[in-house]
Each structure stands twice: as structure tokens, then as C-alpha cells.
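A closer look at the structure
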Amino acid sequence: VDVFQAWCGPCKPVVNLFQKVRNEVGSNLLHFAVAEADSIDALEKYRGQCKPVFLFYTGGELVAVVRGADAPLLQKTILEQL
């Protein structure tokens with residue numbers, strides 16, 4: 001989940017990375033979503049930050065967090081979690 005601020009917008013360059021990885025591993029294993037922190041109470045702790053936060057869930061449980069648009073770290077985290 002790409003958590004973003006309304007004034008900052010979702011991290012669009014990372015969408016390409018997720019699509020690339022999703023094509024490589026299969027569409028059933030990886031799902032990508034965006035969530036505006038300002039409009040979801042559960043994401044309140046991520047408000048007021050300029051850099052994006054990426055939350056990784058497996059079976060409804062938060063398993064990893066990556067702060068910032070670090071493409072190599074995001075790809076590594078995705079592959080580790082899969």
C-alpha cells in the first residue's frame with residue numbers, strides 16, 4: 001500500500017516498479033494499492049510526512065514498512081515478502 005498525503009500525491013514512479021515485479025512473479029501474488037493518509041483514520045500516524053510510506057501486508061498482517069521511494073529497497077522487500 002502506497003500511503004500518501006493529499007498535498008503530495010501518490011508515488012507514481014514506483015507504480016512502474018510494482019508493475020514490472022508483478023509481471024515477473026505473476027499477478028496473483030502481488031497486489032498494489034494507494035491510500036490517502038488524510039482520509040483514513042488508521043493511517044493517522046503517517047500524516048504530515050513528505051516522503052511516501054509503503055506498507056506490505058500478508059494475510060491481513062503488516063509484515064514490512066519501507067519509507068521513501070528507494071526502488072532497490074522496495075524491489076528487495078517485495079521479493080523477500082513473496
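Here is what the cut-offs are and how they apply
- Residues numbered from 1 in each chain as written.
- Predicted model: local features only at pLDDT ≥ 70, side-chain atom pairs only at ≥ 80, totals over all residues.
- Heavy atoms only, no water.
- Pairing = 2+ DSSP bridges.
- Helix = DSSP H or I, 4+ residues; strand = E, 2+ residues; numbered from the N terminus.
- Core = buried A, V, L, I, M, F, W, Y, C linked by side-chain atoms within 4.5 Å.
- Buried < 20%, exposed > 50% of the residue type's maximum accessible area, 1.4 Å probe, protein only.
- Contact = heavy atoms within 4.5 Å.
- pLDDT = per-residue confidence, 0-100.

Taking an unreviewed UniProt entry as the reference, the protein chain is identified by name as TXND6 protein belonging to Grantiella picta.

Pairing between strand β3 (residues 53–58) and strand β4 (residues 61–67): 6 bridges, direction antiparallel. Across the sheet, residue Phe54 finds its bridge partner in β4, namely Val66. With antiparallel pairing between neighbouring strands as the criterion, β3 and β4 make up a hairpin whose turn holds 2 residues, including Gly59 at a positive phi of roughly 60°.

Once that is clear, we can look at the nonpolar core. Across soluble globular proteins, nonpolar side chains have a tendency to be buried as a group. By size, the foremost hydrophobic cluster in this structure holds 11 residues: Val14, Leu17, Phe18, Val21, Leu30, Phe54, Phe56, Ala64, Val66, Leu74 and Ile78. Looking at this core, the elements that each hand over two or more residues are α1 (12–25), β3, β4 and α2 (71–81). The biggest single contributor to this core is α1, with 4 residues. The residues touching Leu30, leaving out its near neighbours within four places in the chain, are Phe18, Val21, Arg22, Val25 and Ile78. Core analysis: the next-biggest nonpolar cluster, separate from the first, contains 7 residues, Val3, Ala37, Leu43 and Tyr46 among them.

Let us look at the confidence of the model for the protein chain. Per-residue pLDDT for the protein chain has a mean of 84; in total, 96% of the residues score no lower than 70. The secondary structure element of the protein chain with the lowest average pLDDT is α1, at 81, and the one with the highest is β4, at 93.

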